[in-house]
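Chain and residue survey
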Amino acid sequence: QVQLVESGGGLVQAGGSLRLSCAASGNIFSINIMGWYRQAPGKQRELVAVITTGGTTNYADPVKGRFTISRDNAKNTVYLQMNSLKPEDTAVYYCNARSKYNIPYWGQGTQVTVSS
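Structure report, in brief. (Residues numbered from 1 in each chain as written. Predicted model: local features only at pLDDT ≥ 70, side-chain atom pairs only at ≥ 80, totals over all residues. Heavy atoms only, no water.)

Okay, the packing of aromatic side chains next. The full count for this structure, using the stated rule, is two aromatic pairs. Ring geometry for Tyr 37 versus Trp 106: centroids 5.1 Å apart, planes at 70°, classification edge-to-face. Here Tyr 37 is found in strand E4 (residues 31-39), whereas its partner Trp 106 is found in strand E10 (residues 104-106), with 69 residues between them in sequence. Between the aromatic rings of Tyr 94 and Trp 106, the centroid separation amounts to 6.5 Å while the plane-to-plane angle is 90°, which identifies the pairing as edge-to-face. You can see Tyr 94 sitting in strand E9 (residues 91-99) and its partner Trp 106 sitting in strand E10, a full 12 residues away along the chain. Each member of the aromatic cluster is reached from another via a ring pair, and the members are Tyr 37, Tyr 94 and Trp 106. Stacked on the ring of Tyr 94, the Lys or Arg Arg 45 has its end atom at 3.7 Å from the ring centre. Above the ring of Trp 106, the side-chain terminus of Arg 45 is found at 4.6 Å from the ring centroid. (Phe/Tyr/Trp six-rings, centres within 6.5 Å; stacked < 30°, edge-to-face > 60°. Helix = DSSP H or I, 4+ residues; strand = E, 2+ residues; numbered from the N terminus. Lys NZ or Arg CZ within 6 Å of the ring centre and 35° of its normal.)

Structure follows, in structure tokens:
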């Protein structure tokens, strides 16, 4: 089992920045990919960004150039630096970890609200 705890969400004005953190515990040695997803009201959960153990990253088109995902393997923590935030970035952001056995784990979610 893997436990994920997110932090760093909040309310920010458009154009502002936030940094989300996700700390993993438990069977962390099984983790391969970590990432962030988000779900806005009335919409499906969607990929934001992912990062592999080796540091390879992938971003959804709407956040490219504005968001940066990073990972501290020593601290078992993944970060999402969000700059130039837009109202359409408003959502609950979920941390995700996927094990080498392709088992997904989810955090409880953290609310990000961007006011116009």
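Another aspect to go through is the pattern of salt bridges. Applying the stated criterion to the full structure yields four salt bridges. Among the salt bridges present, the one from Glu 46 reaches Arg 38, with a minimum N-O distance of 2.8 Å. By relative accessible area, which is 38% here, Glu 46 ends up partly exposed. For Arg 38, a relative accessible area of 7% translates into the label buried. Across the pair Asp 89 and Arg 38 runs a salt bridge whose closest N-O atoms are separated by 2.9 Å. Of the two residues, Asp 89 sits in the loop between strand E8 (77-82) and E9 while Arg 38 sits in strand E4, which places them 51 residues apart along the sequence. (Salt bridge = Lys/Arg side-chain N within 4 Å of Asp/Glu carboxyl O. Buried < 20%, exposed > 50% of the residue type's maximum accessible area, 1.4 Å probe, protein only.)

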